[in-house]
Every structure is written in structure tokens, then in C-alpha cells.
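# Topology and contacts: notes
Next come the chains, spelled out residue by residue.
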Amino acid sequence: MEVSCGVHSWISFVPAAFTLALTLGLTRAAPTARADDATRGLALLQHFPDSLPRNGGNTLRCTSCHLDDGRRELAMPWVGVTTRYPKYRARRGAIETIEQRVNECITRSLAGRALAEDGRDMRDMVSYLHTLQSTQVIVRPDSVRVDGDPGRGAGAYKTTCARCHGPKALGALSPAVAGRHSFSIGAGMARQRVLATFIRWNMPHDMPGTLAVQDAADIAAWVLRLPRPDHPGKERDWPNGDVPIDVAYATDGAGVRGLPLPAPRPLLRRMVAPTPPTSP
Ligand code: HEC
Ligand code: HEC
């Protein structure tokens, strides 16, 4: 009685407009939904291992490969990507949502641990991807399809790449392209044609587009013979056996179809498991 009376008389001193603002403010601050934050999402994409150390597995950032914050046409652009999902993906053999696709790059390209699909970090990153809508038609670069010679690639790597990525490709000024801090064997980038195409059009970083197709293929072939993190469960990829020719590991689906299996590659134990240990 006493107390409620006290509150009431205090409120009566507050001008009506302020009371209204206060009430609205309180309602807005009240629990539940926080607006998606694309600016925070971009910061996570640019600084993934520093911002989300529990989920990062190597030293790469999302924007190490998706250059210019996902805007560069020649580097797997994110422009319009949220309108392309959900879509069927042969690697999973099922329809994939944009959140699942992002987790694929976290667990494979970043050799990290998946994020909760409905959590704030995922929502903010996807919210940034949503901002990259465009009516512009994305022109994909020509794929490099020639076979590479790792012997020649070793020499070409030394002259063209070592100054930034280090003599053994373990990272220096620029991130690792092999070893513990590089993308896992299950990453798209660990496919020879995908890597060769990326470096043909985007590397060296300060002179993109200057590398000959054959050099790009040779360098990719050499880089992919170096040890890199494993991706547990990779044998279940392409369950229907429609596995691309440049995939570096044996899959059950290819075995069932009697396709030739690639030679084993040297693999490193991962620093984190791909899926959260207690996923809800
Ligand atoms: C090691 C390089 C690399 C890193 C690092 C990387 N990605 Fe990717 N990403 C790729 C490649 C390669 C593809 C396949 C592109 C394609 O299918 O044309 C891809 C595809 C994607 C796609 C689907 C694009 C499409 O058009 O279907 C999304 C979304 C994506 N990545 C998000 C991310 C996010 C988010 C991160 C960080 C958590 C990340 N990637 C880190 C290499 C990388
Ligand atoms: C002038 C320095 C420089 C040179 C030379 C250079 N790169 Fe890069 N490279 C970079 C930078 C910078 C990035 C983006 C890194 C980032 O933003 O985190 C990058 C990214 C990459 C990536 C994707 C991220 C990763 O580490 O896996 C690959 C693969 C790559 N470079 C391979 C090569 C290859 C192969 C060559 C030689 C043909 C080469 N680079 C030459 C600076 C360089």
C-alpha cells in the first residue's frame, strides 16, 4: 500500500511525454528479439578467429578468400547469395540453407566448429550477406581445368608466392596456404581446380590476373600435396557418387559407383571438432 502510493506520487511529477518515452524505452529494452546487426556481422566475417575463438580452427578469416568483403566477382562473391539459398547441394546430397552453407565454410575452410544456426553470431553474419543484393549479373571467372605438375609448381610457388605466404606455404605476411593453419582437406579450396582458379584470377594479391593458367595449375598441385587439417566425415560427401574429378579424398559414394579413388594425402589432426560437442 505504502509503496505503491509512493511510486504513484513520484510518477505524477514526471511530465507526460517523458513517461511515455520511458514506457516505450522499457518495452523495447524488454527481453526477446534483438535487431540483426549487419555491421557486427561484417566485423565477424573479417575477424572470425579473433572474434569467435571457440569456433575458429585456423588463422583464416572469411574475407581471406571472399575478397573485398565478398564483393569481388572473381573470388567466390557473396553478392546475391542469400537469394540463391536454400538450394540443393550435391556435396551434402540435400537442400542446404544459407546458415548451413556458412557452417560448411566455418567447419571446412576455417577448419573450425559450427555455430548455432539460430544464434546471434550467425544471424548477424547472414544479415550482412543480405545487404549484398544486386541486380548486377555475376560473371564467374573461367575455371582452370588443366592438370598441374607439382614439381614445376614448387618452383613457381617460390618465385611468385613465397614472399607473402612463406617459403613453406605455412604463412608469413599473409595467411597459411598449407599446414595446421590452413583450410582443411574438406574445403572447396582443397580441390585442385577451385584453388587453381582462385589463384589464377586473384593472386599474387598485388598483381591479380597476371599468372599463366598452367602456372596456377602447377602451383595448386604443389600446394595441395602439402599436409593440411583433416575433415572428419569427409567420406560421406557426395553421397550419390557425383563427386567432382578434383576432389582429393575417397568418398563412400564414389566407392559404391566404382569410380577411381584419389591417392591419400598427408593430413593433420584438427585443433577443433567440426560440430559443437553438445549441439542442441
Ligand atoms: C579457404 C577459402 C575460404 C574461406 C576462408 C571461406 N570460404 Fe566461403 N567459400 C569458399 C569456396 C571455394 C566456396 C565455393 C564457391 C562456389 O561454390 O562457387 C565458398 C562458398 C561460400 C558460400 C556460398 C557461395 C555461393 O554462391 O553459393 C558462402 C555463403 C560462404 N562461402 C561463406 C563463407 C563464410 C561465412 C566464411 C567464414 C566463416 C567463409 N565462407 C570462409 C572458400 C572459402
Ligand atoms: C603480395 C602478397 C601476396 C602474394 C605475392 C600472394 N598472395 Fe595470396 N594472399 C595475399 C593476401 C593479402 C591474401 C588475403 C589474406 C587475408 O585477407 O586474410 C591472400 C590470400 C590467399 C589465399 C586464400 C587464403 C589462404 O591463405 O588460403 C590463397 C589460397 C593464396 N593467397 C594463395 C596464393 C598463391 C598460390 C600465391 C602465388 C601465386 C599467392 N597467394 C601470392 C597476399 C599475397
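Below: a short report on this structure. Since the model is a prediction, treat every value here as computed from it, not as a measurement.

## Brief notes about the site of ligand 2
Residues in close proximity to ligand 2 total 24 residues, the closest being Ser64, Cys161, Cys164, Pro204 and His205. Where the shell around ligand 2 is concerned, the elements lending two or more residues are α10 (162-165) and α11 (192-202). The leading source of residues in the shell around ligand 2 is α10, at three residues. Across the shell around ligand 2, the residue classes tally to 14 nonpolar, seven polar and three charged.

## Some remarks on helix α7 (residues 98-109)
For α7, which comprises 12 residues, the first-to-last C-alpha distance of 16 Å matches the rise-based estimate of 16 Å (1.5 Å per residue) to within 8%. When you tally the buried positions in α7, you get 10 out of 12 residues, the bulk of the element. Of all the residues in α7, the buried ones are Ile98, Glu99, Arg101, Val102, Asn103, Cys105, Ile106, Thr107, Arg108 and Ser109. Looking at the buried residues of α7, the elements they touch are α6 (81-84), β2 (94-96) and α8 (120-131).

## Looking at the site of ligand 1
Taken together, 23 residues sit near ligand 1, with Cys62, Cys65, Cys105, Ser109 and Gly188 positioned nearest. Broken down by secondary-structure element, the contributors of at least two residues to the shell around ligand 1 are α6 and α7. Of the residues in the shell around ligand 1, the class split is 17 nonpolar, four polar and two charged.

## Regarding the nonpolar core
The tendency in soluble globular proteins is for nonpolar side chains to be buried as a group. Counting residues in each nonpolar core, the largest one holds 57 residues, and the members touching the most others are Met125, Leu195, Ile199, Ala216, Ile219, Ala220 and Val223. For this core, the secondary-structure elements that each account for two or more residues are α3 (38-46), α7, α8, α9 (150-160), α11 and α12 (213-223). Considering every element that reaches this core, the biggest residue donor is α12, with seven residues. Beyond its immediate sequence surroundings of up to four residues, Ile219 is in contact with Gly153, Ala156, Tyr157, Cys161 and Ile199.

## Digging into unusual backbone geometry
In this model, Tyr85 is joined to Pro86 through a cis peptide bond whose omega is 0°. Topologically, Pro86 is positioned in the loop between α6 and β1 (87-89). A cis amide bond, omega -5°, links Met203 with the succeeding residue Pro204. Along the polypeptide, Pro204 turns up in the loop between α11 and α12. Backbone geometry at Asp68 places phi at a positive 50°, although glycine is not the residue there. Take Asp68: it is sitting in helix α5 (residues 67-70). Not every positive phi belongs to a glycine, and Trp238 is a case in point at roughly 45°. With respect to the helices and strands, Trp238 occurs in the loop between β3 (228-229) and α13 (252-256).

## Structural notes on the environment of Asn58
The topology assignment puts Asn58 in the loop between α4 (48-51) and α5. Each residue touching Asn58, except ones within four places of it in the same chain, is listed here: Leu110, Ala111, Ala176, His181, Ser182, Phe183 and Pro229.

## Side note on the environment of Asp242
Within the secondary structure, Asp242 sits in the loop between β3 and α13. Each C-alpha atom of the pair Asp242 and Ala90 lies 7.2 Å from the other, and the pair is 152 residues apart in sequence.

## A word on the packing of α3 against α8
Geometry of a packed helix pair, given as the angle between the helix axes and the separation of the axes. Taken N-terminus to C-terminus, the directions of α3 and α8 make an angle of 100°; their axes are 7 Å apart at the nearest point. Judged by the angle between their axes, α3 and α8 are roughly perpendicular. Residues Ala38, Arg40, Gly41, Leu42, Leu44 and Leu45 of α3 form the contact with α8, whose participating residues are Asp121, Asp124, Met125, Ser127, Tyr128 and Thr131. Residues that form the contact of α3 with α8 fall into these classes: six nonpolar, three polar and three charged.

Rules of the game
Residues numbered from 1 in each chain as written. Chains lettered and ligands numbered in written order. Predicted model: local features only at pLDDT ≥ 70, side-chain atom pairs only at ≥ 80, totals over all residues. Near = placed C-beta within 6 Å. Helix = DSSP H or I, 4+ residues; strand = E, 2+ residues; numbered from the N terminus. Nonpolar A, V, L, I, M, F, W, Y, C, P; charged D, E, K, R; others polar. Expected span 1.5 Å × (residues − 1). Buried ≥ 20, exposed ≤ 12 C-beta atoms within 10 Å, placed from the backbone. Contact = placed C-beta atoms within 7 Å. Core = buried A, V, L, I, M, F, W, Y, C linked by C-beta atoms within 7 Å. Axes fitted to C-alpha atoms, helices over the stretch in contact; angles between N-to-C directions. Parallel < 35°, antiparallel > 145°, perpendicular 65-115°, else oblique.

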